[in-house]
Amino acid sequence: MNPLQRQQGALRIEDIALADIAARFGTPCYVYSRAALTAAFEDYRSALAGRNALICFAVKANSNLAVLNVFARLGAGFDIVSGGELARVMAAGGDPARVVFSGVSKTEMEMEQALDLGIRCFNVESASELERLDAVAGRLGKVAPVSLRVNPDVDPKTHPYISTGLKTSKFGVPFEDALALYHRAAALPHLRVEGIDCHIGSQILDPAPAAEAAGKIIGLVDRLAAEGIAIHHIDLGGGKGIRYRDEAVLSAAEYLAPLLQITAGRPEQLLFEPGRSLVGNAGLLLTRVEVLKHGEGKNFAVVDAAMNDLVRPALYDAWHDIQPVQSRPGPGQPYEIVGPVCESGDFLGHDRDLALAEGDLLAILSAGAYGMTMSSNYNSRPRAAEVMVDGASAHLVRRREQISELFGQEAILPG
Ligand SMILES: *Cc1c(COP(=O)(O)O)cnc(C)c1O
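All of these numbers come straight from a predicted model, not from anything done at the bench.

Criteria and cut-off values
- Residues numbered from 1 in each chain as written.
- Predicted model: local features only at pLDDT ≥ 70, side-chain atom pairs only at ≥ 80, totals over all residues.
- Heavy atoms only, no water.
- Helix = DSSP H or I, 4+ residues; strand = E, 2+ residues; numbered from the N terminus.
- Contact = heavy atoms within 4.5 Å.
- Areas by Shrake-Rupley, 256 points an atom, 1.4 Å probe, with all protein chains shown as cover.
- Domains from an automatic or database assignment.
- Buried area = accessible area lost by both parts, 1.4 Å probe.
- Salt bridge = Lys/Arg side-chain N within 4 Å of Asp/Glu carboxyl O.
- Polar contact = N/O pair within 3.5 Å; in protein donor to acceptor, adjacent residues only side chain to side chain.
- Phe/Tyr/Trp six-rings, centres within 6.5 Å; stacked < 30°, edge-to-face > 60°.
- Buried < 20%, exposed > 50% of the residue type's maximum accessible area, 1.4 Å probe, protein only.
- 1 Å grid on protein atoms, 1.4 Å probe; cavity = no way out; pocket = protein on both sides within 12 Å on 5 of 7 lines; lining within 4 Å.
- Points joined across faces, edges and corners; volume = space filled by probe spheres on them.
- Nonpolar A, V, L, I, M, F, W, Y, C, P; charged D, E, K, R; others polar.
- Core = buried A, V, L, I, M, F, W, Y, C linked by side-chain atoms within 4.5 Å.
- Pairing = 2+ DSSP bridges.

Observations concerning the overall build of the chain
Part 1 of the argument: For the chain, the count of helices and strands is twelve helices and 21 strands.
Part 2 of the argument: Seen through its principal axes, the chain has C-alpha atoms that stretch 70 × 65 × 40 Å.
Part 3 of the argument: Considering only contacts within the chain whose residues lie at least 6 apart along the sequence, 70% involve residues at least 24 apart.
Part 4 of the argument: On the chain, roughly 17400 Å² of surface is accessible, and the fraction owed to carbon and sulfur atoms is 52%.

A look at the domain arrangement of the chain
Part 1 of the argument: Domain annotation for the chain reports domain 1 (4–32 + 280–406) and domain 2 (34–277).
Part 2 of the argument: Placing the centre of domain 1 and that of domain 2 at their C-alpha centroids yields a distance of 32 Å.
Part 3 of the argument: Around 2000 Å² of area is buried between domain 1 and domain 2 when both sides are counted, 56% of it from carbon and sulfur atoms.
Part 4 of the argument: In this structure, the connection of domain 1 to domain 2 is made through one salt bridge.
Part 5 of the argument: As a salt-bridge pair, Arg34 and Asp390 come within 3.1 Å of each other at their nearest N and O atoms.
Part 6 of the argument: Inspection of the domain 1/domain 2 interface yields 14 residue pairs in polar contact (both at pLDDT 80 or more).
Part 7 of the argument: Of all elements in the fold, only helix H11 (312–316), strand S20 (385–390) and strand S21 (393–398) reach the threshold of two or more residues within the side of domain 1 that touches domain 2.

So, the packing of aromatic side chains
Part 1 of the argument: Counting across every chain of the model gives four aromatic pairs.
Part 2 of the argument: Relative to Phe71, the ring of Phe57 lies with its centre 4.7 Å away and its plane at 45 degrees, an arrangement referred to as tilted. Taken together, the residues span a long stretch of sequence, with Phe57 in strand S5 (residues 53–58) and Phe71 in helix H3 (residues 65–73) at a distance of 14 residues. Each of the two residues, Phe57 as well as Phe71, counts as buried.

Section: the layout of surface pockets
Part 1 of the argument: If you add up the space inside the largest pocket, you get close to 690 Å³.
Part 2 of the argument: As for the largest pocket, its lining consists of 36 residues, of which Met1, Asn2, Arg243, Asn281 and Ala282 are closest to the centre.
Part 3 of the argument: Counting only elements with at least two residues in the lining of the largest pocket, the list comes to strand S1 (4–7), strand S2 (10–13), helix H2 (34–47), helix H10 (276–279) and strand S14 (283–294).
Part 4 of the argument: Residue composition of the lining of the largest pocket, grouped by class: 20 nonpolar, nine polar and seven charged.
Part 5 of the argument: When residues of the lining of the largest pocket are sorted by domain, at least three fall in each of domain 1 (4–32 + 280–406) and domain 2 (34–277).

Observations regarding the pattern of salt bridges
Part 1 of the argument: With the rule as written, the count across this model stands at 17 salt bridges.
Part 2 of the argument: For Glu194, the salt bridge identified is with Arg192, shortest N-O distance 3.0 Å.
Part 3 of the argument: Look at Glu194 and you get buried, because its relative accessible area is 12%.
Part 4 of the argument: Note on Arg192: relative accessible area 40%, which makes it partly exposed.
Part 5 of the argument: Note that Glu401 is salt-bridged to Arg383, the shortest N-O span being 3.2 Å. Of the two residues, Glu401 sits in the loop between S21 and helix H12 (403–406) while Arg383 sits in the loop between strand S19 (361–364) and S20, which places them 18 residues apart along the sequence.
Part 6 of the argument: On the accessibility criterion, Glu401 (13% relative accessible area) is buried.

Side note on the side chain of Ser277
Part 1 of the argument: Looking at where Ser277 falls in the secondary structure, it is placed in helix H10.
Part 2 of the argument: Judged by its relative accessible area of 13%, Ser277 falls in the buried class.
Part 3 of the argument: A distance of 2.7 Å separates the side chain of Ser277 from the side chain of Tyr44, its partner in a polar contact.
Part 4 of the argument: The contacts of Ser277, once residues within four sequence positions are left out, are Ala40, Tyr44, Lys240 and Ile242.

Some words on empty space enclosed by the protein
Part 1 of the argument: Applying the stated criterion across every chain, the model contains three cavities of 30 Å³ or more.
Part 2 of the argument: There is about 80 Å³ of room inside the largest cavity.
Part 3 of the argument: Leu236, Gly237, Gly238, Tyr255 and Phe272 are, among the 13 residues lining the largest cavity, the residues nearest its centre.
Part 4 of the argument: Considering each element in turn, the lining of the largest cavity owes the most residues, three residues, to helix H9 (residues 252–262).
Part 5 of the argument: Taken together, the residues of the lining of the largest cavity sort by class into nine nonpolar, three polar and one charged.

Comments concerning the environment of Leu65
Part 1 of the argument: Note that Leu65 resides in helix H3.
Part 2 of the argument: Separated by 24 residues in sequence, Leu65 and Val89 place their C-alpha atoms 7.5 Å apart.
Part 3 of the argument: The residues touching Leu65, leaving out its near neighbours within four places in the chain, are Arg88, Ala91 and Ala92.

As for the nonpolar core
Where a protein is soluble and globular, its nonpolar side chains tend to be buried together.
Part 1 of the argument: Phe71 and Phe122 are the most contacted members of the largest nonpolar core, which has 98 residues in total.
Part 2 of the argument: The two domains that each donate at least three residues to this core are domain 1 (4–32 + 280–406) and domain 2 (34–277).
Part 3 of the argument: Sequence-distant contacts of Phe122, that is, excluding residues within four places in its chain, are made with Phe101, Lys106, Met111, Ala114, Leu115, Leu133, Ala144, Pro145, Val146 and Ser147.
Part 4 of the argument: Counting 20 residues, the second-largest nonpolar core is a separate cluster that includes Cys29, Leu284, Ala363 and Ala394.

What about the sheet that holds S2?
Part 1 of the argument: Ordered by their spatial adjacency, three strands build an open sheet running S1-S2-S3, and the pairing between neighbours is antiparallel. Whereas interior strands pair on both sides, the edge strands pair on one side only; in this sheet they are S1 and strand S3 (16–17).
Part 2 of the argument: By the bridge criterion, four bridges tie S1 to S2 in an arrangement that is antiparallel. The partner of Gln5 across the bridge, within S2, is Arg12.

Shown next as structure tokens:
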């Protein structure tokens, strides 16, 4: 579902003109569509209809409380990677019994917090984490539900920074070690083996690697059952890609079809951890052109958003569509769309054909995932405001940071 339309040249999200949002909340500003978030979730839900399945939104893709709350109201679970994310899920009305805790290392404090709240499962990623979790749970007089994140050694054919299921990856436990580690987990007194999980990467456009990984995981589940270790859920992670430019994107039903076929008739509950595909196309970054520089061979449009607001272009050379909020008649010219940060890597788009004047608004599309959550205060830039549109209403869901807040926790030396 695309929440954007153009009317008389003016770009609108749901029933509101983006120019009105900029006038009311300022720029740079992230804008999310509740309808698009809901549609993305329903796409998964309908693909999983009739199956015993739980959709756990990967909080790191977008952890704004309003976004989490939209998913909590729809009955989502959550995939978290830190105590901070767990606190956000609780503040947003999420159900801890539907939370899975991923991540290559968890502190004892994070383990205690999650055990106290009674989360659904810890996705454990190493032998030493098993021992540590057992010790922490024992200290609290609790039993920790665990799943092992198994590394199926499958290449998802995506960007190397977001490939996570190869043998050489820091994530998960090696496939060959999994059996022995499950036996260890089953023997530890304060752990309860609950499930198994894998997550092979992100922005995956081809369902075959996920299906291959699932096949390997299921082979392991059957082997474990034969050795007396019952697995109650199979968590197949996230990773489904979205359209940034012209990628051929599958619906959730198409993407999940091979997985659902492989797991058909099995008793285990299925868990999924989608992040990007639930929020990516539901958000945009609204920015204003501050300065146009027409130079030898290159034209620059310096906008008020920068790599600190949206780092994906600088970090992964990611491509985001950039649209004028009000289209201008006449021919465009190629522009480098850059921010004011003191780095040559500070760009949002290369070589974009646009007809621009200073003061124009631009919408950087598909910025709902790994946008605000990866933002920083580099160059002492306050973080952008976030707005959620719901029909004809726009709600400020995070006010723009104030400059005084940037150094409010700092101190100078005495004397
Ligand atoms: C990042 C991550 C996800 C979500 O990945 P997407 O590509 O955003 O769907 C799911 N599970 C784990 C363990 C992750 O690290």
